[in-house]
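Understanding the architecture of this molecule
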Amino acid sequence: MVLNSSEKTYCYLSFTYSVLATTTLATIQTRDSGYDVVIMMDSNVTQNMFNSMKKYAESLVNKFSIDDKEYRVGLMRYGSSNNKEWDLNRYDNKNDVLT
């Protein structure tokens, strides 16, 4: 889902089972340009399904221009509890996001 505001464009993705769903969250400091993408993954699934969601998220991240700071990527895991794995400012290059 892409949300437009007068200050920024937000994109939040949520993976639940094999269905792509959308959700919204509050975000951190705004920027003048670029995209913030928060990937949310359901952890209450089988290991096989979680690996499939992870593989899809990796293929998605591979399409982003993270090294030039056009995109910032965050990751949250949800299920029986919610965990912020990393926020939008943690990684500034694609290699770190993917490892």
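Please refer to the structure placed before this passage.
A brief structural summary.

The rules we used
Residues numbered from 1 in each chain as written. Predicted model: local features only at pLDDT ≥ 70, side-chain atom pairs only at ≥ 80, totals over all residues. Heavy atoms only, no water. Phe/Tyr/Trp six-rings, centres within 6.5 Å; stacked < 30°, edge-to-face > 60°. Helix = DSSP H or I, 4+ residues; strand = E, 2+ residues; numbered from the N terminus. Buried < 20%, exposed > 50% of the residue type's maximum accessible area, 1.4 Å probe, protein only. Pairing = 2+ DSSP bridges. Right-handed = clockwise from strand over helix to strand, strands pointing away.

**Details of the packing of aromatic side chains**
Within the structure shown, the criterion is met by three aromatic pairs. Relative to tyrosine 71, the ring of tyrosine 35 has its centre 5.0 Å away and its plane inclined at 25°; by these criteria the two rings are stacked. Placement of tyrosine 35 in strand β4 (residues 35-42) and of tyrosine 71 in strand β5 (residues 71-78) is noted, with a sequence separation of 36 residues between them. The rings of Tyr35, Phe64 and Tyr71 are connected pair by pair, giving a single aromatic cluster.

**A word on the pairing of β5**
Within β5, seven of the eight residues are buried, which leaves the element mostly enclosed by the surrounding structure. In terms of strand pairing, β4 meets β5 through eight bridges, oriented parallel. Note that in β5 the partner of methionine 41 across the bridge is arginine 77. Viewed along the sheet, the connection from β4 through helix α1 (residues 47-61) into β5 turns out right-handed. For β5 and strand β6 (residues 83-86), the ladder comprises three bridges, and the chain directions are antiparallel.

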